[in-house]
Amino acid sequence: MTGRTTRGEGRPSDGRLARRILTLGILGAAWLAFDAHLGSRRVSRAREANLRARIRSIHRSNPILPGETVFLGDSITFDGDWEATFSDLGARNRGIGWDTTADVLERLDESLDGPPATVVLMIGTNDLFINVPHAQTVRNVAHILDYVNEVAPDTRIIVQSVLPRTDRYHPLVAPLNEALSRICNERELEFIDHTERFSGSDGLLDPALHDDGIHPNGEGHRVLIDALQPLLHRT
């Protein structure tokens, strides 16, 4: 004969139930906070879509000429006054704010018309910001390099490292730069590592070289120029 189940048997006590509810609540709040943070970044990027489209339209109206030097990348490249600094090399600015590796890959033809004599690439920091998987970022950069080599085999390619950051994505920078260096070595391309010259005493982006934790200020761009000058003017 089966015994009668006593009251409360087979179900968690009120205390355990309360703890489970509290844990689920905390996890749910944490996920919503993360999702909202990631969502806000993607919304910000989406708001820039019209600006990006307008800049691309201007680029298409002013194609690259044979022998010019193309600076290709995101807002860090966009901010640079490359035309003034490297006027003797026919410098052209093909940076667009918020661009990811996938964006550069998608618009690459617009920077290879000439073809250019040199492409100077810095890209990848926005991939970290919107949580693009590391392997995908590396794959995209590899595709960029291979496509330039296919379409413009005589074009010199210089790849710059992703700069240090000051936020929670900073630890992802070093592994990405190691991978970028590796794929450049595999293709016998030039890779310039800015990590040491841009790092402060704590390893993060040097406070003297930025104003917002990501983008180099005037002094930061001077550091970039000083690093690129001997490389670009090397015969």
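Further up the page is the structure itself.
Since the model is a prediction, treat every value here as computed from it, not as a measurement.

Q: Sorry, what's going on with the overall build of the protein here?
A: Broken down by element type, the protein carries ten helices and five strands. Taken across its 235 residues, the protein has 43% of its residues classed as buried. If you take every contact in the protein between residues at least 6 apart in sequence, the share linking residues at least 24 apart comes to 72%. A total accessible area of about 12,700 Å² is found for the protein, and carbon and sulfur atoms account for 55% of it.

Q: Explanation requested: the sheet that holds strand 2 (residues 91-95) in the structure shown.
A: Sheets are built from strands that pair by backbone hydrogen bonding, the pairs being arranged parallel or antiparallel. The strand order 2-1-3-4-5 describes an open sheet built from five strands, whose pairing is parallel. Both edges of this open sheet fall to strand 2 and strand 5 (190-192), since each of them pairs with a single strand only. Shown here is a sheet whose adjacent strand axes are inclined to one another by a mean of 20 degrees, direction ignored. Across the sheet, helix 8 (residues 173-186) is in contact with strand 4 (156-160) and strand 5; its angle to strand 5 comes to roughly 160 degrees.

Q: What exactly am I supposed to notice about the environment of Arg156 here?
A: Mapped onto the elements of the fold, Arg156 is located in strand 4. Here the alpha-carbon distance between Arg156 and Pro116, two residues 40 residues apart in the chain, equals 8.4 Å. The contact partners of Arg156, leaving out residues within four places of it in the chain, are Ala117, Thr118, Val119, Glu190, Leu231, Leu232 and Arg234. Side-chain polar atoms of Arg156 contact the backbone oxygen of Leu231, separated by 2.9 Å.

Q: I tried to follow the pairing of strand 2 on my own but got confused; where do I start?
A: Note on strand geometry: in a regular strand, side chains alternate between the two faces of the sheet. Taken across its five residues, strand 2 has five buried, putting it largely inside the fold. Of the two faces of strand 2, the one holding Ala91, Asn93 and Gly95 and the one holding Arg92 and Arg94 are both buried throughout. Pairing of strand 1 (residues 69-73) with strand 2, which is carried by five bridges, proceeds in the parallel orientation. If you follow Thr69 over to strand 2, its bridge partner there is Ala91.

Q: Would you mind going over the pairing of strand 4 with me for this structure?
A: Burial runs high along strand 4: four of the five residues are buried. Across three bridges, the pairing between strand 4 and strand 5 is parallel. Across the sheet, residue Ile158 finds its bridge partner in strand 5, namely Glu190. Chirality of the crossover, the property in question, places the unit of strand 4, helix 8 and strand 5 among those that are right-handed.

Q: Explain the nonpolar core to me, please; I cannot follow it from the model alone.
A: A general tendency of soluble globular proteins is for nonpolar side chains to be buried together. Membership of the largest hydrophobic core comes to 28 residues, with the highest contact counts inside it found for Leu72, Val104, Leu108, Leu121, Val141, Leu145 and Ile183. Mapped by element, the contributors of at least two residues to this core are strand 1, strand 3 (118-122), helix 6 (125-129), helix 7 (134-151), strand 4 and helix 8. When sequence neighbours within four positions are dropped, the list of residues in contact with Ile183 reads Val138, Val141, Ala142 and Leu145. Of all hydrophobic cores here, the second largest spans 20 residues; its members include Phe86, Ile192, Leu209 and Leu232.

Q: When you look at the environment of Gln229 in this model, what are you seeing that I'm missing?
A: Positionally, Gln229 belongs in helix 10 (residues 218-232). Considering only alpha carbons, one finds Gln229 and Phe86, 143 residues apart in sequence, at a separation of 8.4 Å. Ignoring anything within four residues of it in the chain, the contact list for Gln229 reads Thr85 and Phe86.

Q: Mind showing me how you'd approach the packing of aromatic side chains here?
A: Aromatic ring pairs are reported here in terms of the distance separating the ring centres and the angle at which the planes meet. Throughout the structure, instances matching the rule amount to four aromatic pairs. Measuring from ring centre to ring centre gives 5.6 Å for Phe71 and Phe86, while their planes differ by 20 degrees; the resulting arrangement is stacked. Highlighted residues: Phe71 in strand 1 and Phe86 in the loop between helix 4 (82-85) and strand 2, separated in sequence by 15 residues. Its relative accessible area of 0% is what places Phe86 among the buried residues. Between Phe129 and Tyr169 the ring centres are 5.8 Å apart and the planes differ by 75 degrees, which places this aromatic pair in the edge-to-face class. With Phe129 in helix 6 and Tyr169 in the loop between strand 4 and helix 8, this pair connects stretches of sequence that are 40 residues apart. On the accessibility criterion, Phe129 (17% relative accessible area) is buried. Tyr169 gets classed as buried once you look at its relative accessible area, which sits at 7%. Among the aromatic residues, ring-to-ring pairing joins Phe71, Trp82 and Phe86 into one connected group.

Calculation criteria
Every chain begins its residue count from 1, and numbering advances along the sequence as written. Predicted model: local features are reported for residues with pLDDT of at least 70 only, side-chain atom pairs are reported and counted for 80 or more only, and whole-chain, interface and lining totals are derived from all residues. Only hydrogens and water are set aside when side-chain values are computed; all heavy atoms of the structure are taken into account. For the purposes of this entry, the term helix denotes a DSSP run of H or I that reaches at least four residues, the term strand denotes a run of E that reaches at least two, and both are numbered from the N terminus. In this scheme, a residue with accessible area under 20% of its type's maximum is buried, one over 50% is exposed, and one in between is partly exposed, where area comes from a 1.4 Å probe on protein chains only. Contacts: residue pairs with any heavy atoms within 4.5 Å of one another. Residue burial considers only the protein chains on display, and all accessible areas are found by Shrake-Rupley using a 1.4 Å probe. By this definition, two strands are paired if DSSP reports at least two bridges between them. Comment: axis = line fitted to C-alpha atoms, over the contacting stretch for helices; angle = value between 0 and 180 degrees taken between N-to-C directions. For this analysis, a polar contact is any N or O atom pair within 3.5 Å, provided that within protein one partner can donate a hydrogen and the other can accept it, and provided that sequence-adjacent residues contribute only side-chain to side-chain pairs. By convention, orient the strands away from the viewer: a clockwise path from the first strand over the helix to the second makes the crossover right-handed. Nonpolar cores are built from buried Ala, Val, Leu, Ile, Met, Phe, Trp, Tyr and Cys residues. Side-chain atoms within 4.5 Å join them into one set. In this analysis, rings of Phe, Tyr and Trp, with Trp reduced to its six-membered ring, are considered paired at centre separations within 6.5 Å, and the interplanar angle assigns stacked below 30 degrees, edge-to-face beyond 60, and tilted for intermediate values.

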